[in-house]
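Structural features, examined
Listed below are the residues making up each chain.
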Amino acid sequence: THDSLEQEVMDKINNHPCYSEGAHQHYARIHVAVAPACNIQCHYCNRKFDCSNESRPGVTSAKLSPEDAVKKVLYVGGEIQQLSVVGIAGPGDALANPAKTFETFRLLQEKAPDLKLCLSTNGLRLPEFIDEIVKYNVDHVTVTINSVDQSGEIGSKIYPWVHWNHKKVFGAQGAKILLEQQLKGIKMLVERGILVKANSVLIPGVNDKELPNVAKKLKELNVFLHNIMPLLSKEEFGTYYGLNGQRSASDQEVMEAQEACGMDMKLMSHCRQCRADAVGLIGEDRGDEFTPDLFKTMT
Ligand code: CLF
Ligand code: SF4
């Protein structure tokens, strides 16, 4: 029934700091940086830093093996009582590193079954891994979707290439493949009862006019939440600077985009663009406290 469905959604979000604004001051998340590789290229990413689709540009997180990641989660869980969610959000793309990502989730399900599992992806390989996502009870997935333009024209300004079927596909053709997989993947996730959040990076002059179309599409697909993140551009971050001198999105531009998208979608407004190894409450970063020597020797 409608009520029990609503209850199910409430149960999923009530202690997830990103999905529920009310939860974000009371519940903490940890990101484990087990996923270094990526399978697409965003113009605003230079690979030396964490994935800018779910993290703060210009930050480099130390990679962890699945085993060490689980040790870290168990250690942090002992120190931070409010820990409720473990997310894999890079430093590359969670699903471009399927063996590491799913081994981490498998171990976590076994050793820390009370923690919610969360993953963030560009969506290229979502349909392929839907069964795995369901199998490990990952009930929160974020897909970064910056355009729904079917022609691939806008996408080609954001993604120079995607890696598909063992080769690089460039320009509009690559962007079309990415969009197709994202939409297919989101549909599959929603059908399986997984709560989907979408991130969109606001790139002034490139997809600002497109974002309301993205929001409409997300609504149609029953995506739960839309998070509009400003592009933070700096030459030293490699964030789209080289191509056309792309600048950061201003607060004003973010507000305008939020207004335009908010007609269709419930928006997230408390995102703080976390690092791929973030620990603690959103906005607080205790990552540096938990150095490997604290947890690596755990058995
Ligand atoms: Fe992490 Fe993302 Fe899961 Fe949250 S973050 S994988 S949904 S547990 Fe949250 Fe951080 Fe914003 Fe992401 S504040 S960057 S939205
Ligand atoms: Fe970089 Fe993330 Fe884009 Fe991959 S998906 S190129 S890691 S910003």
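Cut-off values and rules
- Residues numbered from 1 in each chain as written.
- Chains lettered and ligands numbered in written order.
- Predicted model: local features only at pLDDT ≥ 70, side-chain atom pairs only at ≥ 80, totals over all residues.
- Heavy atoms only, no water.
- Salt bridge = Lys/Arg side-chain N within 4 Å of Asp/Glu carboxyl O.
- Helix = DSSP H or I, 4+ residues; strand = E, 2+ residues; numbered from the N terminus.
- Buried < 20%, exposed > 50% of the residue type's maximum accessible area, 1.4 Å probe, protein only.
- Near = heavy atom within 4 Å.
- Nonpolar A, V, L, I, M, F, W, Y, C, P; charged D, E, K, R; others polar.
- Pairing = 2+ DSSP bridges.
- Core = buried A, V, L, I, M, F, W, Y, C linked by side-chain atoms within 4.5 Å.
- Contact = heavy atoms within 4.5 Å.
- Expected span 1.5 Å × (residues − 1).
- Polar contact = N/O pair within 3.5 Å; in protein donor to acceptor, adjacent residues only side chain to side chain.
- pLDDT = per-residue confidence, 0-100.
- Axes fitted to C-alpha atoms, helices over the stretch in contact; angles between N-to-C directions.

1. Some details on the pattern of salt bridges
Throughout the structure, instances matching the rule amount to eight salt bridges. With its nearest N and O atoms 3.0 Å apart, the salt bridge here joins E103 to R106. Within this pair, E103 and its partner R106 are both found in helix α3 (residues 98-111), separated by three residues, close to a single helical turn. Taking the relative accessible area as the measure of exposure, E103 reaches 24% and is therefore partly exposed. Take R106: its relative accessible area is 33%, and that puts it in the partly exposed class. E110 is paired through a salt bridge with R106; the nearest N and O atoms lie 3.4 Å apart. Taken together, the positions of E110 and R106, both in helix α3 and four residues apart, correspond to about one turn of that helix. Beyond isolated ion pairs, a larger network of salt bridges with shared partners links E103, R106 and E110.

2. Observations regarding the site of ligand 2
Lining the immediate surroundings of ligand 2 are C38, I40, Q41, C42, Y44, C45, R47, C51, S52, N53, G92 and N122. Partitioned by chemical class, the residues of the shell around ligand 2 number six nonpolar, five polar and one charged.

3. Some words on the pairing of strand β7 (residues 167-170)
The pairing of strand β6 (residues 161-164) with β7 spans four bridges and is classified as antiparallel. Within the sheet, the bridge partner assigned to V162 lies in β7 and is V169. Counting the residues between successive antiparallel strands, the hairpin from β6 to β7 contains two residues, one of them, N165, with a positive phi of roughly 50°.

4. Remarks on the nonpolar core
Taken as a class, soluble globular proteins show a tendency for nonpolar side chains to be buried jointly. Core analysis: the largest hydrophobic core is formed by 58 residues, its most contacted members being V32, F105, I133, V141 and L189. If we ignore the near neighbours within four places in the chain, the residues touching V141 are Y19, L119, T121, L126, I133, L189, I194, L195, V196 and K197.

5. Some remarks on helix α6 (residues 171-191)
Owing to its 3.6 residues per turn, the α-helix aligns residues three or four sequence positions apart on the same side. Between its first and last C-alpha, α6 extends 31 Å over 21 residues, near the 30 Å set by a 1.5 Å rise per residue. Within α6 the residues assigned to the buried category are G174, A175, I177, L178, L179, Q181, Q182, L183, G185, I186 and L189. Following α6 by one or two positions, G193 has its phi on the positive side, about 80°.

6. Some details on the side chain of H16
Tracing the sequence through the fold places H16 in the loop between α1 (2-13) and β1 (28-31). Only 3.1 Å separates the side chain of H16 from the backbone nitrogen of C18, close enough to count as a polar contact. When residues no more than four places from it in sequence are discounted, the contact partners of H16 are A23, V85, K116, C118 and H140.

7. Some remarks on the confidence of the model for the chain
Mean pLDDT over the chain stands at 90; residues scoring 70 or higher make up 95%. The complex prediction reports pTM at 0.93, with the ipTM value standing at 0.94.

8. Side note on α3
Across its 14 residues, α3 extends 20 Å between first and last C-alpha, which sits within 8% of the 20 Å expected from 1.5 Å per residue. Considering only its buried residues, α3 is in contact with α2 (66-79), β3 (83-88), β4 (116-121), α4 (126-135) and β5 (138-144).

9. Let's talk about the site of ligand 1
If you check the shell around ligand 1, you find 15 residues, and the closest are C18, H31, E54, C118 and C274. Across the shell around ligand 1, the residue classes break down as seven nonpolar, five polar and three charged.

10. Quick notes on the sheet that holds β6
The three strands lie next to each other as β2-β6-β7, forming an open sheet whose pairing is antiparallel. Edge positions in the sheet fall to β2 (40-41) and β7, since each of these pairs with one other strand and no more. The sheet strands contacting α6 are β2, β6 and β7, and the helix crosses β7 at an angle near 105°.

11. Some thoughts on the environment of V34
Of note, V34 is situated in the loop between β1 and β2. C-alpha of V34 to C-alpha of T104: the two residues are 70 residues apart in sequence and 8.0 Å apart in space. Beyond its immediate chain neighbours, meaning those up to four positions away, V34 contacts L64, S65, P66, A69, I88, G90, P91, K100, T101 and T104.

12. A short note on unusual backbone geometry
Following G90, the chain continues into P91 via a peptide bond in cis, with omega recorded as 15°. Note that P91 resides in the loop between β3 and α3. Here H166, not a glycine, exhibits a phi torsion of approximately 70°, which is positive. Within the element layout of this structure, H166 appears in the loop between β6 and β7. For H166, a relative accessible area of 78% corresponds to the exposed category.

13. Focus on the side chain of N227
Examined against the element boundaries, N227 turns out to sit in strand β9 (residues 225-230). The buried category is assigned to N227, whose relative accessible area is 2%. Reaching out from N227, the side chain makes a polar contact with the side chain of N199 at a distance of 3.1 Å. Contact partners of N227, with chain neighbours within four places excluded, come to K197, A198, N199, S200, M268 and C271.

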